[in-house]
Amino acid sequence: MLADNVSRRTFLKGSAALSTLLGLGAIGSKATNGLVPTAAAKSNSQKQQFFNACPRNCYDTCSIVTTVEDGRITFVTGNENNHYTKGRLCVKGNTYPRIVYSPDRIKYPMRQKGRGSGNWERISWDEAYTIIAKKMLDIKKEYGNTLPICLNKYSGNFNILNYATEGMLSSIGFTTRAQGTPCDPAGSDAQAFDMGTAYNNDPEQFMDAEYIILWGANPAWTSAHSMYFIEQAKEKGTKLVVIDPLITQTASKADEYIQIKPSTDGALALGMIRYIMDQHLYDEEWVNNHAIGFHEFVSYVKKNITVEWAAEKTGVPKPVIERIAREYATSKPANIWIGFGMQRHTNGGSMVRAIDALAALTSNIGKKGGGVNYIGGETWGFNYHTMSFGAPEGTEGEADRYVNMNNFGAQVLDAQDPPIKMMWIACRNPIAQDPEPNVVKKAFDQMDLIVTADLYMNQTVEYSDIVLPVTTPFETVGINVSYWHYWMNANEQAIKPLYETKSDLEIAMGLSKKLNELEAGSCTFPVSGNLVEWVEKEFNDDIRKLFGVKSWDELRKNGGTVKASEKVTVAWEDLKFRTPSGKYEFFSKKAVEYGHHPLPVFIEEYKANNEYPIRCISPHWKLGIHSQFQHIDWLGAIQDHPFVEMHPDLAKKYSIRENDMVNVRNEAGYLTLPAKLTKTVPVDTVVMYEGWWKDVHYTENFNVKALPSDMGDYSKGQRGIAFHDNFVKIEKA
Amino acid sequence: MAKKLGFLVNIERCIGCHACEISCKSFYQLEPSMRRRTVRELPEDLVGSPVRAFVSTACNHCDEPACQKACPVGAYTKRDEDGIVVHNQELCIGCQMCGKACPYGVPQYNPVKKKMDKCSMCYDRLDVGESPICVSKCPMEAIEIVDYNEVQPSGTVSLVPTFADPSITHPTTQFILPKPGKQFRRA
Amino acid sequence: MTITQETVMKPEERSFYYQLFCHYYRGDLLQLTRKQWKQVVQIIKEYQYTSLLDEVAQSLQVLEEVTERNIQTFEYDYNRLFVGPNKLLASPFESSYRNYEGNVLQQETLNVRNFYRYVGLQVANEGQIPDDHIQFELEFILHVLSQPTIEDHRQIYKMFLEKHLLQWGFKHCELILQNSQNPITHAMAVILKEFLQLEGGNKDVS
């Protein structure tokens, strides 16, 4: 075909005309970033392995080994050096290659013309920084401060370097922050009142337990690696009891499953306590020496609690309560794991306090293999260097302003003097994850500018003005620890960032540079820096001592993962509690300070009304973490639509059959989804799993009201959400 | 004596998490619809009281493989040394006879390659002393490879609900059924 | 116009189309005014071999008649199809069409990379944007065509076309035609499809 010679002259005519018209050089010239002469031969074709860290909001926070060939990831799996991960990832972690290489990632900074219109134009990073920086400076000029700028960032990525987003905003002045967490506040406060802080035993110690009660926890779905240790313990003879309103996957594995009426767990714990007191099965020496307020607690229990009452309240037969109480009190060590689910009630914190008391009076606290385990933070003592730069000189005001993350929409709308005009969203998908999403949307409507940094299109990105493309863990550097196990994992950069993606830290540096260009001194955040140098700055002597490793570099060169010193893995082993008294506090003045009863008392549960008689629980789903993962098609091939679980007897009442579409409705909103009939849920409760947003125009939060749980202000600044005190009516759609 | 390798699937340990299925898919970079191992939900009254139970299955590497008998081009071989049933994709003509013959529906048609595909028990990994992906990646260690000529584990079964009659092809896979726990359910 | 087997596209015409689409996929045409689109059409019309094909002629007329509104929404539609941030409606990466589930940076990408390497080229910042983005494939062919005297290059041109661009170009155009909401992206897909047909020797190579 190319036999005839190219007529150079004619060729130039057409192409030259086009080039002239476009005002660009001919293709192939150096003007573009297209093809260039091959650089000196690189030898990147051999197989390499890198250590990564799964940064998701998950108990298991796995150490990962990533295989890279020709500069691309070919396999992602668990790191065997980490004895908790054990070389095995959960189903979600196994999908990481798809998450990195799906053609549908967000690739470039883009600006939407008309929020929610789907009309996006591509902009350069410089343009993005300029638009954002100018808006920030305009706001500062107009209001005299930067409080109209609001940050809503939380748990999408717990790489310690990702705190750069918070640091960047602190570096321009005082801003408004979404404060709190939807997750654990009531339980965390309860443990803070009782013991000074929430602090859990190493989950690998399930193997050392004589008796395990999983109380409202479903690790088979939410912490598969813990479930391994629990199953191993069970096989060597440890008794496994699961207390839960639902016959969860974990409950299905129990030696004994106890179905409890939702939100009455505190009554069960108090009933057990009454029996233990009556039978003198408690550790008198322990409560006398290591606790305060025990006598007050005894009077409360003797006066107000009977096992009969607890049986009535919880639906658990009296003989079962008594037997479980005896078994728990006489097995040493006995281990309780309190799940986040059971405190998502208006009385959740007080229930956790009652369970803590049960563990305390049987002296199961401070024992290897025992404990009343909820969450912990002993390994999180990094420098948080990214947050250390402070407000620019001459900044007006004294502190950031907080709005409650758990009632975000309403509080943003209510904020005055100054109002909130700009929102920065990172590591979060509030429109899918917040209660009452329609109110959140209204708050978005009030903004001049909404910037969202994310990996994939989702409902929040759809409703933003600017989207910034971010890196996956494999494309950046970091360091991660868990709020459950005791390992620290290095995250190496395994591949080049694809497209124009950047980490939150790089974004912070880029924006600071632009702010300083536009107004020198307007942002104290460093404008450049090497990511490895940044991560090394997170290490301090305490971390070095705790983990016995000198630096991030040493960690990555030596297996990528290291466990903290055994000393910290048994919570409260020294029995020096971090309460005001230094002892375990059955009677907490701190609780009184925050408006609660000083003792672990039973608070009546939130009740259904006649119009909305059915409880609707929205627990975590096995193929996702909040709004992450479930949209990945590998997992979609396993389950491609959301569903509502209901008992066949309940379904019959409404003439609902398997797979019939069901309307689930209350004052806040409604959604329509297919029914799955199962006897694993009680007859008065329906279950929808949390976080589903793919291919539907709703999330389970459409009918979740911003009803607060009872505690959270003390340790988290804000109360949690009583997600499971949600009542609905159902009808066949 | 030659080995008789087979899967031992511990349903008592299995939490239905699908990690075996997805790690296999990831490792072999299988097409979206292709699965060499699948996790299926079992009837919830399996042990009497309602539970969430799952079973993970792959090729059963049968003693009398129906796939091998049905294949017109001899793409299937049963290895002498360990009994692994290997499908040679080079020889496969995609006629799908094996898929129809297998009582477990194991061989799957790959519409992209126009060939059949099935689990090889990762024999190339076994040959170099590594365990199959599903075995080494199950978070619960619920899948094992057992030489059934050497060990005859007690309390195992070769039939689980919804599964075909083992007398047809004599599958090597054995299962450990879940033990029912006590349940106190609200009335 | 009917094309006889004997008719052969002139090399300069071929190169021109590669250049045109390379610019298009680089985003260089996104800012054109109505008047400039008319000029583009005039330049295309100089090449009668392709521009007189019925479907191409119709599309050129569409481009000549684009409205201000069409120009405004062109970029949005272009981004929905090729850029994001949404799930791409017509991915511009070869591997999205060729490998087992549309992942980028897979074996196909490395095969493409090898072609580039063979003639001493690579994507600037290799590994950042997958090498099989259509913009690079078009640029590669253009490069090879511009040095037809190198014996090897004719062969490379043919091989690359057959093994790569023609393997997925039609499916790509089909997706654009299915999902386009704008006359410009639609017309450009028609022109690309017709051009690729000619390149494939009027045979359905896909």
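Residues numbered from 1 in each chain as written. Chains lettered and ligands numbered in written order. Predicted model: local features only at pLDDT ≥ 70, side-chain atom pairs only at ≥ 80, totals over all residues. Heavy atoms only, no water.

Draft legend 1. Representation of the overall build of chain A. On a plain count of helices and strands, chain A comes out with 25 helices and 28 strands. For 733 residues, the compact-globule estimate of 2.2 N^0.38 gives 27 Å, and chain A sits close to it at 28 Å. With the C-alpha coordinates aligned to their principal axes, the bounding extent of chain A is approximately 105 × 60 × 60 Å. Across the 733 residues in chain A, those meeting the buried criterion constitute 66%. Residue pairs at least 24 apart in sequence account for 75% of intrachain contacts in chain A once pairs closer than 6 positions are excluded. Of the roughly 24,700 Å² of accessible surface on chain A, a fraction of 49% belongs to carbon and sulfur atoms. Each charge sign in chain A was given a centre, from 78 positive and 86 negative side chains, and these centres are 4 Å apart. (Helix = DSSP H or I, 4+ residues; strand = E, 2+ residues; numbered from the N terminus. Rg over C-alpha atoms; globule rule 2.2 N^0.38 Å. Buried < 20%, exposed > 50% of the residue type's maximum accessible area, 1.4 Å probe, protein only. Contact = heavy atoms within 4.5 Å. Areas by Shrake-Rupley, 256 points an atom, 1.4 Å probe, with all protein chains shown as cover. Lys, Arg positive; Asp, Glu negative; His and termini not counted. Charge placed at Lys NZ, Arg CZ, Asp CG, Glu CD.)

Draft legend 2. Fine view of unusual backbone geometry. Of note, the amide linkage connecting K332 of chain A to P333 of chain A takes the cis form, showing an omega dihedral of -10°. Looking at the secondary structure, you find P333 of chain A in the loop between helix 12 (318–330) and strand 13 (334–338). Put simply, G84 of chain C and P85 of chain C share a cis peptide bond, and its omega is 10°. Within the fold, P85 of chain C resides in the loop between helix 5 (68–82) and helix 6 (94–98). With a phi angle near 55°, K86 of chain A is a residue other than glycine that sits in the positive phi range. Overall, the relative accessible area of 15% leaves K86 of chain A in the buried class. For D695 of chain A, which is not glycine, the phi torsion reads 60° and is therefore positive. By the element assignment, D695 of chain A lies in the loop between strand 27 (685–688) and helix 25 (713–716).

Draft legend 3. View of helix 11 (residues 307–314) of chain A. Residues and elements named next belong to chain A. All of the buried residues along helix 11 are V307, A310, A311, K313 and T314. The buried residues of helix 11 occupy an angular sector of 165° when the element is viewed end-on, so they sit on one face. G315 lies just past helix 11 and shows a positive phi near 80°. (Arc of directions from axis to C-beta.)

Draft legend 4. Here's a closer look at the environment of M136 of chain A. Residues and elements named next belong to chain A. Within the element layout of this structure, M136 appears in helix 3 (residues 125–143). By relative accessible area, M136 is classed as buried at 1%. Taking the C-alpha atoms as reference, M136 lies 46 Å from K47; in sequence the two are 89 residues apart. Discounting residues that sit within four places of it in the chain, M136 has contacts with I149, L169, I172, M422, W424, L511 and L515.

Draft legend 5. Region of interest: the sheet that holds strand 2 (residues 48–53) of chain A. Residue and element names in this part refer to chain A. The antiparallel open sheet is built from three strands, whose spatial order is 2-3-4. At either margin of the open sheet sits one strand with a lone partner, and together these are strand 2 and strand 4 (72–78). Here the average twist between neighbouring strands, direction ignored, is 30°. Bridge count for strand 2 against strand 3 (residues 63–69) is six bridges, and the pairing is antiparallel. Note on strand 3: the bridge partner recorded for Q48 is V68. (Pairing = 2+ DSSP bridges. Axes fitted to C-alpha atoms, helices over the stretch in contact; angles between N-to-C directions.)

Draft legend 6. How the structure looks around the pairing of strand 17 (residues 449–454) of chain A. Residue and element names in this part refer to chain A. Buried residues dominate strand 17, accounting for six of its six residues. Residue alternation in strand 17 divides its side chains into two sets, L449, V451 and A453 and I450, T452 and D454, and both sets are buried. The pairing of strand 16 (residues 422–426) with strand 17 spans five bridges and is parallel. Within strand 17, the residue paired with I425 across the bridge is T452. Sheet topology note: the strand 17/strand 18 (residues 466–469) ladder contains four bridges and is parallel.

Draft legend 7. Quick peek at the interface of chain B and chain A. Taken together, the contacts link 38 residues of chain B with 54 residues of chain A. For the pair chain B and chain A, the two sides together bury roughly 3,900 Å², of which 51% comes from carbon and sulfur. Together, R52, F184 and R186 of chain B form the three largest contributors to the area buried by chain B at its contact with chain A, with a combined 25%. For the pair chain B and chain A, the interface holds six salt bridges. (Buried area = accessible area lost by both parts, 1.4 Å probe. Salt bridge = Lys/Arg side-chain N within 4 Å of Asp/Glu carboxyl O.)

Draft legend 8. Local environment of the sheet that holds strand 28 (residues 727–732) of chain A. Residues and elements named next belong to chain A. Taken in spatial order, the six strands line up as 23-27-24-26-25-28 and close into a barrel, and their pairing is mixed. For this sheet, the mean angle separating the axes of adjacent strands, direction not counted, is 45°. Bridge analysis of strand 25 (residues 661–665) against strand 26 (residues 670–677) gives five bridges, and the strand direction is antiparallel. Opposite V664, over in strand 26, you have L671 as the bridge partner.

Draft legend 9. Broad picture of the pattern of salt bridges. Summed over all chains, the structure comprises 67 salt bridges over all chains. One salt bridge in this structure joins R98 of chain C and E94 of chain C, with 2.6 Å as the shortest N-O distance. Of the two residues, R98 of chain C and E94 of chain C are both situated in helix 6; the distance of four residues between them amounts to about one turn of the helix. Taking the relative accessible area as the measure of exposure, R98 of chain C reaches 30% and is therefore partly exposed. Residue E94 of chain C is classed as buried on the basis of its relative accessible area, which comes to 0%. A single salt-bridge network, built from bridges that share partners, covers K239, E256, R323 and E327 of chain A.

Keep in mind these values describe shape, not function.
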